[in-house]
Amino acid sequence: MSHDSVKGCDRNVAPPERTPAAVEAVRRVAANGSNPNEVEATVRNLIFAWHLDWARRVLRRVSLLLAALCAAGAAPAAATERAVLGDVDGHIGLLSMPGGPEPVPEPAPVPVVILVHDSLGTDRRTDLTVRQLLDAGIATLEVELYAVSADGANGAEFFDPYAEAEFLNRARRALGTQPGIDPMRIAALGFGRGAHAVAGSPDGYAQDWVARVFLYPDCGTLAGSMLAGPRTSLAPLLVLHGDTGAGDPPRDCLGLGSRLEHAGVPVRITHYRHAAHGWDLPPIGDHGISFQPAPVGQDRLRSVAWPELAELSATHAAGFLAAAINGRLRSSIFLSPSQATSPGP
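Since the model is a prediction, treat every value here as computed from it, not as a measurement.

Novice: Help me understand the overall build of the protein chain, please; the structure alone is not making it clear to me.
Specialist: When you go through the protein chain residue by residue, the secondary structure sums to 8 helices and 10 strands. Across the 345 residues that make up the protein chain, the buried fraction comes to 40%. Residue pairs in contact within the protein chain that sit at least 24 positions apart in sequence constitute 74% of those at least 6 positions apart.

Novice: Explain the packing of helix α3 (residues 127–135) against helix α8 (residues 307–325) to me, please; I cannot follow it from the model alone.
Specialist: When two helices pack together, their arrangement is given by the angle between their axes and by how far apart the axes lie. Two elements in contact, α3 and α8, have axes whose closest approach is 9 Å; the angle formed by their N-to-C orientations is 40 degrees. Judged by the angle between their axes, α3 and α8 are oblique. The crossing of α3 and α8 is right-handed. From α3, L128, T129, R131, Q132 and L133 reach across to α8, where they touch A310, E311, A314, T315, A318 and L321.

Novice: Is there a simple way to explain the state of the cysteines in this structure?
Specialist: Here, disulfide denotes a covalent bond that connects the sulfur atoms of two cysteines. Within the structure shown, the criterion is met by 1 disulfide. Linked covalently through their sulfurs, C219 and C253 form a disulfide whose S-S length is 2.1 Å. For the disulfide bridge between C219 and C253, the dihedral angle about the S-S bond is near 80 degrees, and by the sign convention the bridge is right-handed. Of this pair, C219 sits in helix α6 (residues 219–227) while C253 sits in helix α7 (residues 250–262), placing them 34 residues apart in sequence. Here C219 and C253 have matching classes, each one buried.

Novice: Sorry, what's going on with the nonpolar core here?
Specialist: Soluble, globular proteins show a tendency: their nonpolar side chains are buried together. Formed by 41 residues in total, the largest nonpolar core has its most connected members in I114, L141, L168, L175 and F214. With 5 residues, the single largest contributor to this core is helix α4 (residues 161–176). Setting aside its immediate chain neighbours within four residues, L168 contacts I114, V116, V143, A197, V198, Q207 and W209.

Novice: Help me understand the confidence of the model for the protein chain, please; the structure alone is not making it clear to me.
Specialist: In low-pLDDT segments, the atomic positions of the prediction should not be examined closely. Averaged over every residue, the pLDDT of the protein chain is 76; the share at 70 or more is 65%. Scored below 50 in pLDDT, residues 62–77 makes 7 contacts in the model with residues more than four places away or belonging to other chains.

Novice: Would you mind going over the pairing of strand β4 (residues 139–143) with me for this structure?
Specialist: Residues in a regular strand point their side chains to alternate faces of the sheet. Here β4 lies mainly inside the structure; 5 of its 5 residues are buried. Looking at chain direction, strand β2 (residues 90–97) and β4 are connected through 4 bridges and run antiparallel. Each bridged residue has a counterpart across the sheet, and for L95 the counterpart in β4 is L141. The sheet contact formed by strand β3 (residues 110–116) and β4 spans 5 bridges and is parallel. Following the sheet pairing, L115 is matched in β4 by E142. As a crossover connection, the stretch from β3 through α3 into β4 is right-handed.

Here is what the cut-offs are and how they apply
Residues numbered from 1 in each chain as written. Predicted model: local features only at pLDDT ≥ 70, side-chain atom pairs only at ≥ 80, totals over all residues. Heavy atoms only, no water. Helix = DSSP H or I, 4+ residues; strand = E, 2+ residues; numbered from the N terminus. Buried < 20%, exposed > 50% of the residue type's maximum accessible area, 1.4 Å probe, protein only. Contact = heavy atoms within 4.5 Å. Axes fitted to C-alpha atoms, helices over the stretch in contact; angles between N-to-C directions. Parallel < 35°, antiparallel > 145°, perpendicular 65-115°, else oblique. Left-handed = near helix turned anticlockwise from the far one by under 90°. Disulfide = S-S within 2.5 Å. Core = buried A, V, L, I, M, F, W, Y, C linked by side-chain atoms within 4.5 Å. pLDDT = per-residue confidence, 0-100. Pairing = 2+ DSSP bridges. Right-handed = clockwise from strand over helix to strand, strands pointing away.

What follows is the structure, given as structure tokens:
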């Protein structure tokens, strides 16, 4: 970590070369026949400039001293290890391992959450959730399903559920051989199209997750893919969606919850009032509105960034996953879909 060196305070807070210049300025004003008020104003301005310069120097030294004291007294920060996970077929995703203030010779294997990006590939939507999962001692693997252009402008021309399922199986196999990972505790979180990939169970590709979280998945088309396979995953599920725009009407998500509940899936449906599709996509400068690909088809959905809600939904997702992974989910949180929660951030 770079830092500024702390030096002793200078005895002369105003450089000595400024004094002759100040005297000369007053002399010029007086020599030009100016009245005493102008001379007094000139002197006041010079005094103010000296005081301002002195205040800046003092504040800088105080801030540097405080930073040094905080750095000296703070506990060592947890070190996060990040590396690209791959196999013989190439790269899979970015693996982040939780760290601690002190290295452990033989740390216990940790659970992992696979975060599946939307169809446009990697962006910063995962940042908040990844940070909270790592703080909870849970590793993360961020993956993208489709190869997209470097600027993210061109997404997939069509979606292939079988290729998506095979890719996630490939990621699970790679995690199973990764030192420090517990292959029996793998959960998943999907954004938009990523939720469909996590939910999908085409013939021969049933996924055994410890828990799942779906964000704005287009609930109306999701039930078919989740219940179409030979075996329905009974992993606990949290669905987070908004109620503004064409992405996820609340009635569709309530219908999805009802069908899954009847199939024996513990499910919780949470909708955020006034939230649009992709509310957690960070704004670019002052531009908080964009148009993101729909999870199904080729339409574009209006997205309005809502940073405060992004923090809240990341906490909901990370908390749900951590509780499920550690076997601490209470059955009382799985409300009937007709009682789905609707928090207003």
